[in-house]
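Each chain, written out:
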Amino acid sequence: MSDSRPTADIPAMPDFSHQETPAPATPEGASVARAESAQVAEYGWFDAESRNTLAESTQGFIQKLGAFLGKALDDTLTLDVRTYVSEDIGSVTYDKEKSELVGSVQLRAMTYVKIDGDTLVCVPESDGELDTAVWTVHMDMVNQARESRAELLKTIVSTAGSLASVFMPKA
(Lines give C-alpha, C1' and ligand atoms only; values in the text may rest on other atoms or scores of the structure.)
Protein backbone atom coordinates (compact mmCIF):
# COMPACT_ATOMS: atom_id res chain seq x y z
CA MET A 1 0.00 0.00 0.00
CA SER A 2 1.46 3.33 -1.02
CA ASP A 3 1.21 6.59 0.88
CA SER A 4 -0.69 9.02 -1.36
CA ARG A 5 -0.68 12.00 0.99
CA PRO A 6 0.82 15.19 -0.49
CA THR A 7 4.08 16.44 0.96
CA ALA A 8 5.70 19.86 0.98
CA ASP A 9 9.32 20.85 0.97
CA ILE A 10 9.90 23.03 4.06
CA PRO A 11 13.13 25.01 3.97
CA ALA A 12 15.37 25.09 7.02
CA MET A 13 15.14 28.13 9.30
CA PRO A 14 18.01 30.59 8.96
CA ASP A 15 20.39 30.94 11.93
CA PHE A 16 20.08 34.48 13.32
CA SER A 17 21.94 33.81 16.55
CA HIS A 18 25.17 35.46 15.40
CA GLN A 19 23.65 38.57 13.85
CA GLU A 20 23.21 41.82 15.73
CA THR A 21 19.88 43.48 15.16
CA PRO A 22 19.98 47.26 15.43
CA ALA A 23 17.17 48.90 17.37
CA PRO A 24 14.54 50.34 15.04
CA ALA A 25 14.82 54.10 14.78
CA THR A 26 12.12 56.73 14.90
CA PRO A 27 12.10 59.55 12.38
CA GLU A 28 14.08 61.68 14.87
CA GLY A 29 16.74 58.95 15.10
CA ALA A 30 15.93 57.90 18.68
CA SER A 31 15.45 54.27 19.62
CA VAL A 32 11.96 52.88 20.11
CA ALA A 33 12.63 52.47 23.84
CA ARG A 34 13.40 56.18 24.15
CA ALA A 35 10.33 57.09 22.16
CA GLU A 36 8.16 54.87 24.36
CA SER A 37 9.55 56.34 27.59
CA ALA A 38 8.99 59.83 26.19
CA GLN A 39 5.35 58.91 25.48
CA VAL A 40 4.97 57.52 28.98
CA ALA A 41 6.41 60.66 30.55
CA GLU A 42 4.28 62.78 28.27
CA TYR A 43 1.12 61.29 29.77
CA GLY A 44 2.46 61.32 33.33
CA TRP A 45 2.52 57.53 33.69
CA PHE A 46 5.45 56.03 35.56
CA ASP A 47 7.96 58.75 34.93
CA ALA A 48 10.98 58.75 37.27
CA GLU A 49 9.24 60.90 39.89
CA SER A 50 6.10 58.72 39.85
CA ARG A 51 8.16 55.56 40.20
CA ASN A 52 10.08 57.03 43.15
CA THR A 53 6.88 58.18 44.84
CA LEU A 54 5.27 54.78 44.31
CA ALA A 55 8.36 52.99 45.65
CA GLU A 56 8.51 55.24 48.73
CA SER A 57 4.78 54.82 49.40
CA THR A 58 5.02 51.05 49.03
CA GLN A 59 8.05 50.88 51.30
CA GLY A 60 6.33 53.06 53.92
CA PHE A 61 3.19 50.90 53.79
CA ILE A 62 5.20 47.70 54.19
CA GLN A 63 7.14 49.16 57.13
CA LYS A 64 3.90 50.22 58.87
CA LEU A 65 2.31 46.86 58.17
CA GLY A 66 5.39 45.07 59.52
CA ALA A 67 5.36 47.18 62.68
CA PHE A 68 1.63 46.55 63.15
CA LEU A 69 2.01 42.80 62.63
CA GLY A 70 4.96 42.73 65.04
CA LYS A 71 2.93 44.51 67.74
CA ALA A 72 -0.07 42.28 67.08
CA LEU A 73 2.15 39.21 67.39
CA ASP A 74 3.59 40.52 70.68
CA ASP A 75 0.05 41.07 71.93
CA THR A 76 -0.90 37.46 71.14
CA LEU A 77 1.90 36.06 73.29
CA THR A 78 -0.13 36.68 76.41
CA LEU A 79 -3.82 36.80 77.21
CA ASP A 80 -4.84 39.01 80.12
CA VAL A 81 -8.54 38.97 81.07
CA ARG A 82 -9.81 40.96 84.03
CA THR A 83 -13.38 41.11 85.26
CA TYR A 84 -14.55 44.08 87.29
CA VAL A 85 -17.77 44.94 89.08
CA SER A 86 -19.09 48.40 89.90
CA GLU A 87 -22.00 49.85 91.81
CA ASP A 88 -21.61 53.14 89.86
CA ILE A 89 -20.96 52.26 86.20
CA GLY A 90 -21.19 55.95 85.24
CA SER A 91 -17.97 56.70 87.10
CA VAL A 92 -15.97 54.00 85.30
CA THR A 93 -13.50 54.97 82.55
CA TYR A 94 -10.72 53.24 80.67
CA ASP A 95 -7.12 54.33 81.27
CA LYS A 96 -5.20 53.67 78.02
CA GLU A 97 -1.78 54.05 79.62
CA LYS A 98 -2.50 51.49 82.32
CA SER A 99 -4.80 49.34 80.13
CA GLU A 100 -7.33 49.04 82.90
CA LEU A 101 -10.66 50.34 84.13
CA VAL A 102 -10.52 53.11 86.72
CA GLY A 103 -13.10 54.76 88.90
CA SER A 104 -15.58 53.06 91.18
CA VAL A 105 -14.56 49.49 90.24
CA GLN A 106 -13.58 46.31 92.03
CA LEU A 107 -11.43 43.73 90.30
CA ARG A 108 -13.26 40.43 90.88
CA ALA A 109 -11.50 37.86 88.66
CA MET A 110 -8.31 37.74 86.65
CA THR A 111 -6.75 35.26 84.21
CA TYR A 112 -3.33 35.51 82.58
CA VAL A 113 -2.41 32.96 79.89
CA LYS A 114 0.96 32.76 78.08
CA ILE A 115 1.18 31.45 74.53
CA ASP A 116 2.73 28.21 75.78
CA GLY A 117 -0.29 27.58 78.03
CA ASP A 118 1.16 28.71 81.37
CA THR A 119 -1.80 30.18 83.22
CA LEU A 120 -2.37 32.28 86.33
CA VAL A 121 -5.94 32.58 87.65
CA CYS A 122 -7.45 34.59 90.47
CA VAL A 123 -10.85 33.12 91.36
CA PRO A 124 -13.55 35.36 92.88
CA GLU A 125 -15.02 34.47 96.24
CA SER A 126 -17.82 35.83 98.31
CA ASP A 127 -18.07 34.88 101.99
CA GLY A 128 -15.50 32.10 101.48
CA GLU A 129 -17.42 30.59 98.54
CA LEU A 130 -16.75 30.73 94.80
CA ASP A 131 -18.79 33.57 93.29
CA THR A 132 -20.23 31.49 90.47
CA ALA A 133 -22.06 34.37 88.76
CA VAL A 134 -18.87 36.45 88.37
CA TRP A 135 -16.84 33.35 87.52
CA THR A 136 -19.25 32.36 84.71
CA VAL A 137 -19.06 35.82 83.12
CA HIS A 138 -15.29 35.85 83.50
CA MET A 139 -14.82 32.41 81.89
CA ASP A 140 -17.04 33.43 78.95
CA MET A 141 -14.73 36.40 78.40
CA VAL A 142 -11.61 34.20 78.69
CA ASN A 143 -13.00 31.83 76.04
CA GLN A 144 -13.92 34.73 73.74
CA ALA A 145 -10.42 36.21 74.17
CA ARG A 146 -8.81 32.85 73.31
CA GLU A 147 -10.88 32.56 70.13
CA SER A 148 -9.99 36.12 69.14
CA ARG A 149 -6.30 35.43 69.74
CA ALA A 150 -6.43 32.26 67.61
CA GLU A 151 -8.05 34.20 64.74
CA LEU A 152 -5.50 36.99 65.06
CA LEU A 153 -2.63 34.48 64.92
CA LYS A 154 -4.13 32.93 61.77
CA THR A 155 -4.38 36.37 60.19
CA ILE A 156 -0.79 37.25 61.09
CA VAL A 157 0.57 33.99 59.70
CA SER A 158 -1.50 34.31 56.53
CA THR A 159 -0.45 37.93 55.97
CA ALA A 160 3.21 37.16 56.62
CA GLY A 161 3.04 34.25 54.17
CA SER A 162 1.42 36.43 51.51
CA LEU A 163 4.02 39.17 51.96
CA ALA A 164 6.82 36.63 51.83
CA SER A 165 5.52 35.20 48.55
CA VAL A 166 5.38 38.68 47.02
CA PHE A 167 8.91 39.60 47.96
CA MET A 168 10.69 36.26 47.63
CA PRO A 169 12.51 35.71 44.34
CA LYS A 170 10.78 33.22 42.04
CA ALA A 171 12.68 30.01 41.41
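Our subject is the structure listed above.
Since the structure is predicted, the reported quantities are computational estimates derived from the model, not experimental observations.

**With respect to the side chain of T111**
Then, number 1: With respect to the helices, strands and loops of the structure, T111 is situated in strand β4 (residues 106-114).
Then, number 2: Classification of T111 by relative accessible area gives buried; the value is 3%.
Then, number 3: A distance of 2.6 Å separates the side chain of T111 from the side chain of H138, its partner in a polar contact.
Then, number 4: When near neighbours in sequence (up to four residues on either side) are disregarded, T111 contacts L79, D80, V81, T119, L120, V121, H138 and V142.

**Points about a nonpolar patch on the surface**
Then, number 1: Together, V121, V123 and L130 line one region of the surface with nonpolar side chains, adding up to about 240 Å² of accessible area.
Then, number 2: Note on placement: V121 falls in strand β5 (residues 119-122).
Then, number 3: Classification of V121 as partly exposed rests on a relative accessible area of 44%.

**Topic: helix α2 (residues 48-76)**
Then, number 1: For α2, which comprises 29 residues, the first-to-last C-alpha distance of 42 Å matches the rise-based estimate of 42 Å (1.5 Å per residue) to within 8%.
Then, number 2: Within α2 the residues assigned to the buried category are L65, L69, A72 and T76.

**A few points about the sheet that holds strand β1 (residues 78-85)**
Then, number 1: Spatially, β1-β4-β5 is the arrangement adopted by the three strands of the open sheet, whose pairing is antiparallel. Edge positions in the sheet fall to β1 and β5, since each has one partner strand and no second. Neighbour-to-neighbour, the strand axes of the sheet open up by a mean angle of 10°, direction not taken into account.
Then, number 2: Alignment of β1 against β4, held across eight bridges, turns out to be antiparallel. From the neighbouring strand, V81 faces β4, where its bridge partner is T111.

**Remarks on the pairing of β5**
Then, number 1: The sheet contact formed by β4 and β5 spans four bridges and is antiparallel. Paired with Y112 across the strands is L120, a residue of β5.

**Describing unusual backbone geometry**
Then, number 1: Backbone geometry places S99, a non-glycine residue, at a positive phi of 55°.
Then, number 2: With respect to the helices and strands, the residue S99 is situated in the loop between β2 (93-95) and β3 (100-102).
Then, number 3: A positive phi angle, close to 55°, is found at D127, a residue other than glycine.
Then, number 4: Counting through the fold element by element, D127 comes out in the loop between β6 (125-126) and β7 (129-130).

**A closer look at the nonpolar core**
Then, number 1: The biggest cluster of nonpolar side chains holds five residues, and these are L79, V81, V113, V142 and A145.
Then, number 2: Counting only elements with at least two residues in this core, the list comes to β1 and α3 (132-167).
Then, number 3: Setting aside chain neighbours within four positions, we find L79 in contact with T111, Y112, V113, V142, A145, R146 and R149.

**A short note on the environment of G70**
Then, number 1: Within the element layout of this structure, G70 appears in helix α2.
Then, number 2: When the C-alpha positions of G70 and I156 are compared, they lie 8.9 Å apart, and in sequence the two are 86 residues distant.

**What about the pattern of salt bridges?**
Then, number 1: Inspection of the entire model under this criterion finds three salt bridges.
Then, number 2: Between D80 and R82 there is a salt bridge; the shortest N-O distance is 3.3 Å.
Then, number 3: Since its relative accessible area comes to 35%, R82 is described here as partly exposed.
Then, number 4: The partner of E151 in a salt bridge is K154, with the nearest N and O atoms 3.4 Å apart. With a gap of three residues between them, E151 and K154 both fall in helix α3, about one helical turn apart.

Analysis parameters
- Residues numbered from 1 in each chain as written.
- Predicted model: local features only at pLDDT ≥ 70, side-chain atom pairs only at ≥ 80, totals over all residues.
- Heavy atoms only, no water.
- Helix = DSSP H or I, 4+ residues; strand = E, 2+ residues; numbered from the N terminus.
- Buried < 20%, exposed > 50% of the residue type's maximum accessible area, 1.4 Å probe, protein only.
- Polar contact = N/O pair within 3.5 Å; in protein donor to acceptor, adjacent residues only side chain to side chain.
- Contact = heavy atoms within 4.5 Å.
- Patch = residues over 30% accessible without salt bridge, like charges linked within 9 Å, V, L, I, M, F, W, Y side chains within 5 Å.
- Areas by Shrake-Rupley, 256 points an atom, 1.4 Å probe, with all protein chains shown as cover.
- Salt bridge = Lys/Arg side-chain N within 4 Å of Asp/Glu carboxyl O.
- Expected span 1.5 Å × (residues − 1).
- Pairing = 2+ DSSP bridges.
- Axes fitted to C-alpha atoms, helices over the stretch in contact; angles between N-to-C directions.
- Core = buried A, V, L, I, M, F, W, Y, C linked by side-chain atoms within 4.5 Å.

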